[in-house]
Amino acid sequence: MKRFIPFFALLFLCLVLTACSDLNGKQTSGPLPEKNVSGPVLNVSLEAAIDTLDQQTAVFATSFELIGNMVDGLMQMADDGSVKNALCKEMTVSKDGLHYTFKLRDDVFWSNGVQVTARDFVYGWQRAIDPATGSEYAFMISDIAQIKNATAIQAGQMEPNQLGVRAKDDFTFEVELQVPVSYFEQLLYFCTFYPANQEFVEKCGDKYATSPETCLSNGAFLLTEYKPGATSISFIKNTAYYDADKIKLGGIHYEVLASSEDALRKYQNGQLDFVELSGEAVVRMENSPEFRPVDSGFLYYLTFNFDDPLFANKNLRRAFSYAIDRELVVRLMADGSAAAYAAIPKGFAFSQDGKDFTPAGVEFPELCSYNPQLARQYYNEAVRELGVRNLNLELLTADGETQVIASNSIKEQIESLLPGTHINVKAVPKTERRKIMSSGDFQFGLNNWGPDYADPMTYLAMWVTGNDNNQGNYFNPVYNALIASCTDGELCTKIPERWAAMKKAEGMILEDAVIAPIYQKCNANLIKSNVKGIAFHAVAINRIYKSTTK
């Protein structure tokens, strides 16, 4: 089925481009995208809402996908998962691994005709680390990328313009690190490291990235329909994109659908080309030739709040972990997800000799397997220490279909095994669930994380004291020191020793029951047979459509 861009969308795009040019206040210096775009439109469902389209403040995987449609960074992920050049034409690294020089393409323009330069990368990275921006991913610039002065800037001790980045000229971008970072190149396809045009962002102010008029694209597609909380989002092909000849789609249209049944109905009616299913819909469609399960790379786990008087008790946390039959949970979800027995999922982080950090997904079964006897033993000890007989608890979860199924199963299993425990499942939109957990106003909750780059540190850094993603407020100086040694200490350049230290750190997280891993998510997809070339990745941007045809 082909869907052509209607006239009103083309008129709207014309207004968008005009508005963007006015906001920028500069005469265009390069090609503008064509207004008359036709061609096949890929119709896709999203099961979760978008938090923002701001590349420096986005948090959710759904947002990363949409931003990746619009904006290119220095690097991009090839269809086979390797790193390849995007806006970077050439990269050189100093012998000590501390200085990177990127020569940029000179044929890349924002959608208002203004040329993309090294200054856009300087501004974007400074904006990400600036405390005033409030980016939850600022730690990627400081703790992970180890860019010079980033930690001090994040702490308010230095100004953002002192970050170790500079534009030597329009097309030469230089970066200085505090210590060598072996995976630095892999970070550069992540949204936090994307460029941003300072004049445009500042003129948009608080409205930046809240509408097509306040978004700029230098990538494969242009935004034509979006507002915060939208359930319908549309893009058309950016004909001024430097790689436009390779983009075969005329556009992408998204519908946000919380119900798997609604998504399936629209798919069967020909309104959608690509949907994710869960529950009964998977059971009905798993024998279809268009059924295609794909490992998403996301780990779902219980986060326990260490500031809660009950979950500050280690025995209670361990009792709950042992009380959950993860195999039962994934059977009920019926989407192909796998039970998880490790804090790091399998299939995304590999050593220099090609070994998976979590080869079978079952690294610490003795610490997080279903064990009713141990669950009761730890529970009895916990209630004795706490001096209570009954526990009335609240389990926080996002309101997605699979999350609710999993949470209800967890509730029922714990209540049936541990007498005196009563759990209320509180299901809220994903954005609200994250806000509540970040505020610390919860007891325990079903959380999730997908890898941002291909190194175990993308997970392990979350539980360092002070990290925005340490939502349970875990504090362990020994753990903090071990992670610091792997990031900017003595082990950062000792690759085998660093690998072993990270495995030790993972064991500490499970020994302390900081989390209880539950499952590694699999996306049960239905994709029309005429749709080819969607690139699926476990890391960073999970779905890329630059090679997609319909």
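Whatever comes next refers back to the structure up there.
It should be emphasised that the depicted structure is a prediction, and the values quoted were computed from it without experimental measurement.

Caption draft 1: Inspection of the pairing of strand β11 (residues 274-277) at higher detail. Going residue by residue along β11, you find F274 and E276 tucked away on one face and V275 and L277 tucked away on the opposite face as well. Here β11 pairs with strand β17 (residues 515-527) via four bridges, running antiparallel. Note that in β17 the partner of V275 across the bridge is L526.

Caption draft 2: Structural detail: the sheet that holds strand β4 (residues 88-93). Pairing is antiparallel in the open sheet, where four strands are placed in the order β4-β5-β7-β6. Looking at which strands have only one partner, the edges of the open sheet turn out to be β4 and β6 (165-169). Neighbour-to-neighbour, the strand axes of this sheet turn through a mean angle of 20°, independent of strand direction. Taken strand by strand, helix α3 (residues 118-129) contacts β5 (99-104), β6 and β7 (172-176), and its axis lies near 170° from that of β6.

Caption draft 3: Up close: the pattern of salt bridges. The final tally for this structure, using the stated rule, is 24 salt bridges. For the salt bridge of K148 with E176, the shortest nitrogen-to-oxygen distance reads 3.5 Å. Separated by 28 residues along the polypeptide, K148 in the loop between α4 (138-144) and α5 (150-154) and E176 in strand β7 bring together distant segments of the chain. Judged by its relative accessible area of 27%, E176 is partly exposed. Note that K550 and D273 form a salt bridge whose closest N and O atoms lie 2.9 Å from each other. One end of the pair, K550, is in the segment after β19 (543-544); the other, D273, is in the loop between α8 (260-268) and β11, with 277 residues separating them in the sequence. Like K550, the residue D273 is buried in the burial classification. Among the charged side chains, a salt-bridge network with shared partners connects K314, R318, E511 and D512.

Caption draft 4: Region of interest: unusual backbone geometry. Backbone geometry at N473 places phi at a positive 60°, although glycine is not the residue there. The residue N473 is located in the loop between α16 (457-460) and α17 (477-487) in this model. One non-glycine residue with positive phi stands out, namely A540, at about 60°. Structurally, A540 can be placed in the loop between β18 (535-536) and β19.

Rules and cut-offs
Residues numbered from 1 in each chain as written. Predicted model: local features only at pLDDT ≥ 70, side-chain atom pairs only at ≥ 80, totals over all residues. Heavy atoms only, no water. Buried < 20%, exposed > 50% of the residue type's maximum accessible area, 1.4 Å probe, protein only. Helix = DSSP H or I, 4+ residues; strand = E, 2+ residues; numbered from the N terminus. Pairing = 2+ DSSP bridges. Axes fitted to C-alpha atoms, helices over the stretch in contact; angles between N-to-C directions. Contact = heavy atoms within 4.5 Å. Salt bridge = Lys/Arg side-chain N within 4 Å of Asp/Glu carboxyl O.

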